[in-house]
2 protein chains.
Amino acid sequence: MSNEALRSSGYTGTRGIPELRSAIAKDAQEYGQVKFDPISEIIVTTGATGSIFNSLMCLVDPGDEVIILDPTYLGYKEVVELTQGHLRVIPVSVEDGYQPSDEQLKEAITDRTKAFILLSPDNPTGRVIEESFVKTMVDLAQDHDFWIISDDIYKHIIYEGNHVWVSAYPSAKERTITVCSFSKEAGIPGLRLGYTLAPSRIIDAIENMQQYSSLAPQSVGQFALAEFLNKGMKAQYVKESVAAYVKKRDFMGRMIRELLPKARTIRPSGAYYYFLDLRPYLDPLHQTEQEFAEGLLAKENVAVIPGGFFGENGRGHARLTFVTEPEGRIEVGMKKIARYLGAA
Amino acid sequence: MSNEALRSSGYTGTRGIPELRSAIAKDAQEYGQVKFDPISEIIVTTGATGSIFNSLMCLVDPGDEVIILDPTYLGYKEVVELTQGHLRVIPVSVEDGYQPSDEQLKEAITDRTKAFILLSPDNPTGRVIEESFVKTMVDLAQDHDFWIISDDIYKHIIYEGNHVWVSAYPSAKERTITVCSFSKEAGIPGLRLGYTLAPSRIIDAIENMQQYSSLAPQSVGQFALAEFLNKGMKAQYVKESVAAYVKKRDFMGRMIRELLPKARTIRPSGAYYYFLDLRPYLDPLHQTEQEFAEGLLAKENVAVIPGGFFGENGRGHARLTFVTEPEGRIEVGMKKIARYLGAA
């Protein structure tokens, strides 16, 4: 084996290889005009999942409160409960475009608030957070001394509006943990590589936890990703992906309006999901969204994620994705859904 | 991209790809004559580290006791403490060849004992556990209803004696969690892939934990390892590695006797470490093993692991490894150590 091949099959440092961390620092500065030190403020993780897990395990002590939205990504709740932390939930709804209000956040804060988790663009709703909310959030985090976990895994998958880079706000960087994923930024979810940008004492703690949860991120993918970033391949990849996704988003949107006109949803401004309130169809059938998802898979071989997975406010909803399937298959799938629901 | 390449860059199931789990089941049956169901009793993990972390996180409730040896691998203690479990430590010594006694295990068991962790061959001592102890351990685990975590990552790296496959004992399989690592079995530590064999309810729990700690094992390495096992490459790899290691073990052993005659150690029967009691050299220098390791690195550019990392009984010791370096470099390193200690 060559030296490079030998090196790439060996352990890397728990924070990841220096080449990749330097490339991430450069990429982050170009993207958001914020400097992160590749030695002390960046760690490569086992996907964004490993980053969120290790961050919450480090931050949250028993009794601490973590604020999340409902609905939102299903991966936060169980980890907070594992730490014996308490969840405070801000309900968001289709009427408000799934935007939380400043008032809601203020009401959710207590003297036990340890962190607020913001996912934008959101999974499952595709909502891109408004800048005015981020401003309020940053001010409140400073006033009440809590952490912002900014889950930015879909930051490049934006169709309208802008992604707000939280750590670029004055005073925000020192209390923000930014979670990113190469699954989305390079299209390689199977490689299980992501990264975290945070103040050095948080990176130290995440490194310590990562040492015991996975020892180090996997090596081979790190070398490939350093090349991917250093050779400037990311911009082209993102451009092509977003161009392909936006067409499929619009196509699926037309299908929904045509075939499921009573379903309530927003047009996603980012990510690659539609979150449909199907109660106008499910209620007459006396089906929950869970029964719907199971029945649809069994009868029509179409997979959707039942909305209750994303929180109590996801009841009666289903998440549809347009990321992998071509338009022809999206059309077939949508027609099968409409047939199952008796809408066709 | 080909379908295979596309598939290998996507997420795999949290338990790993079916091809790899089937290959592991076949390998385990050939190795130890024990059947494990690839669907319900095997999970691919993020290295053995991910396996141990997830196993302990699932098993240990606050106040539960976990029994380990001292010295032993440094990766157990912190995870047990993270679960708020208590450690019970069995001291082992060079005089007894680092073998624990039946009596010591009996004394360590209480009504809060949840698990006993056995690492054989051991890191750092290279001790291979005696079969009589395993028999007693299995009986005691049944009588007192505790789990055996059998860390078998070095199971093929054996020079004398036999590795005891704990789950092959009558009644042991149902209370044994067997941890294995492709880092050792295929020589690819950087890929972060290992596997766990256990009763299905434990595999279910590990899967649930793994979903939140890393989502899934990385994909590309799994496809490569399925080929490695299915094409019968493992036997040859193990044979060649062990043949190379045993020569280096004997070479390093001669160097130790020649250059550090007052150091006390055992000849390792497995793994690839010498664990040296250096107090005859360190005490006159008034140095701890930590100061020795730091000084040696700074003055002679030779790295050893200070023994205190492996437990209280490792104080005054250092772990030397012969896995990667050729004999010429082992000789140079040993001479530098002897010079630093004033033994040369």
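As the structure is a prediction and not an experimental result, all values here were calculated from the model.

Undergrad: What exactly am I supposed to notice about the interface of chain B and chain A here?
TA: Reports of interface size often rely on the accessible area that becomes lost once the parts have come together. On the side of chain A, 34 residues touch chain B, which itself brings 34 residues to the contact. Regarding the contact of chain B and chain A, the summed buried area is about 2,600 Å², with carbon and sulfur atoms giving 65% of it. For the pair chain B and chain A, the number of links is zero salt bridges. Inspection of the chain B/chain A interface yields six residue pairs in polar contact (both at pLDDT 80 or more). Residues belonging to the side of chain B that touches chain A are distributed by class as follows: 15 nonpolar, 16 polar and three charged.

Undergrad: For this particular structure, what's the right way to read the sheet that holds strand β9 (residues 305-306) of chain A?
TA: Two pairing modes exist for strands in a sheet, parallel and antiparallel, and in both the strands are linked by backbone hydrogen bonds. Residue and element names in this part refer to chain A. A sheet is described by the order of its strands in space; here three strands give the open sequence β8-β10-β9, paired in antiparallel fashion. Edge positions in the sheet fall to β8 (273-277) and β9, since each of these pairs with one other strand and no more. With five bridges connecting them, β8 and strand β10 (residues 317-321) associate as antiparallel partners. Bridged to L276 within β10 is A318. Running at roughly 15 degrees to β8, helix α10 (residues 233-259) makes contact with β8 and β10 of the sheet.

Undergrad: Explain unusual backbone geometry here, please?
TA: Most peptide bonds take the trans configuration, and most residues that are not glycine carry a negative phi. All names here are of chain B. In this structure, P71 follows D70 across a cis peptide bond, with omega equal to 5 degrees. Turning to its location among the elements, P71 is positioned in the loop between β2 (65-70) and α4 (77-82). Cis geometry is adopted by the peptide bond preceding P121, which originates at S120 and carries an omega value of -10 degrees. Even without a glycine there, the phi angle at S171 is positive, about 75 degrees. Looking at where S171 falls in the secondary structure, it is placed in the loop between β5 (147-151) and β6 (176-181). Take S171: its relative accessible area is 26%, and that puts it in the partly exposed class. The phi torsion at A271 lies on the positive side, around 60 degrees, for a residue other than glycine. If you trace the backbone, A271 turns up in the loop between α10 (233-259) and β8 (273-277). Given the relative accessible area of 0%, A271 is considered buried.

Undergrad: Teacher, can you tell me more about the pairing of strand β2 (residues 65-70) of chain A here?
TA: All names here are of chain A. Counting buried positions over the six residues of β2 gives six, a clear majority of the element. Both faces of β2 are covered, namely the face carrying E65, I67 and L69 and the face carrying V66, I68 and D70. As judged from the six bridges shared by β2 and strand β3 (residues 86-91), these two strands associate in the parallel manner. Across the sheet, residue L69 finds its bridge partner in β3, namely I90. Between β2 and its parallel partner β3, the chain crosses via helix α4 (residues 77-82), and the hand of that crossover is right-handed. Relative to strand β4 (residues 113-119), β2 runs parallel, the two sharing three bridges. Considered in β4, the bridge of I67 is made with F116.

Undergrad: What is the right way to read the pattern of salt bridges from this model?
TA: In a structure, side chains of opposite charge can pair up when their charged atoms sit close to one another. Evaluation of the coordinates by the stated rule reveals 50 salt bridges over all chains. Between D64 of chain A and R112 of chain A there is a salt bridge whose closest N-O contact spans 3.1 Å. Taken together, the residues span a long stretch of sequence, with D64 of chain A in the loop between α3 (47-59) and β2 and R112 of chain A in the loop between α5 (102-108) and β4 at a distance of 48 residues. The buried category is assigned to D64 of chain A, whose relative accessible area is 6%. When its relative accessible area of 37% is taken as the criterion, R112 of chain A is described as partly exposed. Residues E95 of chain B and R264 of chain B are paired through a salt bridge, measuring 3.1 Å at the closest nitrogen-oxygen approach. Of this pair, E95 of chain B sits in the loop between β3 (86-91) and α5 (102-108) while R264 of chain B sits in the loop between α10 and β8, and the two are 169 residues apart along the sequence. What makes R264 of chain B partly exposed here is its relative accessible area of 39%. Within the structure, one salt-bridge network assembled from shared partners comprises D27, K155, E185 and K234 of chain A.

Undergrad: I would appreciate a short explanation of the packing of helix α9 (residues 219-230) of chain A against α10 of chain A in the present structure.
TA: Angle between the axes and distance between the axes are the two parameters that describe a pair of packed helices. Residue and element names in this part refer to chain A. Two elements in contact, α9 and α10, have axes separated by 5 Å at closest approach and are oriented at 85 degrees. Overall, the two elements α9 and α10 adopt an arrangement that is roughly perpendicular. Residues E227, F228 and L229 of α9 form the contact with α10, whose participating residues are M233, K234 and Y237. Across the contact of α9 with α10, the residue classes tally to four nonpolar, no polar and two charged.

Undergrad: I would appreciate a short explanation of the packing of helix α12 (residues 289-300) of chain A against helix α13 (residues 327-340) of chain A in the present structure.
TA: Residues and elements named next belong to chain A. In contact at an axis separation of 11 Å, α12 and α13 are set at 115 degrees when each is read in the N-to-C sense. Considering the relative orientation of α12 and α13, their crossing is right-handed. The segment α12 lies against α13, with E291, F292, G295, L296, K299 and E300 engaging K336, I337, R339 and Y340. Class assignment for the residues of the contact of α12 with α13 results in four nonpolar, one polar and five charged.

Undergrad: For this particular structure, what's the right way to read the environment of L320 of chain A?
TA: Residues and elements named next belong to chain A. Relative to the elements of secondary structure, L320 occurs in strand β10. Residue L320 is classed as buried on the basis of its relative accessible area of 5%. Taking the C-alpha atoms as reference points, L320 and F275, separated by 45 residues in sequence, lie 6.4 Å from one another. Excluding anything up to four places from it in sequence, L320 contacts M252, Y272, Y273, Y274, L276, V304, M334 and I337.

Undergrad: Which parts of the structure should I look at to understand the side chain of E300 of chain A?
TA: All names here are of chain A. Inspection of the secondary structure assignment puts E300 in helix α12. Its relative accessible area of 9% is what places E300 among the buried residues. Engagement of the side chain of E300 in a polar contact is seen with the side chain of R339, the distance being 2.7 Å.

Undergrad: What am I meant to see in helix α12 (residues 289-300) of chain B here?
TA: Helical geometry note: an α-helix holds 3.6 residues per turn, so side chains three or four residues apart project in the same direction. Residues and elements named next belong to chain B. Helix length check: α12, at 12 residues, gives a terminal C-alpha distance of 15 Å against a target of 16 Å (1.5 Å per residue), a fit within 8%. Buried within α12 we find E289, F292, A293, G295, L296 and E300. Next to the buried residues of α12 lie α11 (279-285), β9 (305-306), β10 (317-321) and α13 (327-340). Positive phi shows up at N301, right after α12, with a value of about 60 degrees.

Undergrad: It is not clear to me how the packing of aromatic side chains should be interpreted in this structure. Could you clarify?
TA: Working definition: an aromatic ring pair is given by the centre-to-centre distance plus the angle between the planes. Using the criterion set out here, one finds 27 aromatic pairs over all chains in the structure. For the ring pair Y154 of chain B and Y273 of chain B, a centre distance of 6.0 Å and an interplane angle of 90 degrees mean the geometry is edge-to-face. Of this pair, Y154 of chain B sits in the loop between β5 and β6 while Y273 of chain B sits in strand β8, and the two are 119 residues apart along the sequence. Considered together, Y154 of chain B and Y273 of chain B belong to a single accessibility category, that of buried residues. Of the aromatic side chains, those joined through ring pairs into one cluster are Y154, Y245, Y272 and Y273 of chain A. Above the plane of the ring of Y31 of chain A lies K155 of chain A, whose end atom (NZ or CZ) is 5.3 Å from the centre.

The rules we used
- Residues numbered from 1 in each chain as written.
- Chains lettered and ligands numbered in written order.
- Predicted model: local features only at pLDDT ≥ 70, side-chain atom pairs only at ≥ 80, totals over all residues.
- Heavy atoms only, no water.
- Contact = heavy atoms within 4.5 Å.
- Buried area = accessible area lost by both parts, 1.4 Å probe.
- Salt bridge = Lys/Arg side-chain N within 4 Å of Asp/Glu carboxyl O.
- Polar contact = N/O pair within 3.5 Å; in protein donor to acceptor, adjacent residues only side chain to side chain.
- Nonpolar A, V, L, I, M, F, W, Y, C, P; charged D, E, K, R; others polar.
- Pairing = 2+ DSSP bridges.
- Helix = DSSP H or I, 4+ residues; strand = E, 2+ residues; numbered from the N terminus.
- Axes fitted to C-alpha atoms, helices over the stretch in contact; angles between N-to-C directions.
- Buried < 20%, exposed > 50% of the residue type's maximum accessible area, 1.4 Å probe, protein only.
- Right-handed = clockwise from strand over helix to strand, strands pointing away.
- Parallel < 35°, antiparallel > 145°, perpendicular 65-115°, else oblique.
- Left-handed = near helix turned anticlockwise from the far one by under 90°.
- Expected span 1.5 Å × (residues − 1).
- Phe/Tyr/Trp six-rings, centres within 6.5 Å; stacked < 30°, edge-to-face > 60°.
- Lys NZ or Arg CZ within 6 Å of the ring centre and 35° of its normal.

Functional significance is not addressed by these values, which are geometric in nature.
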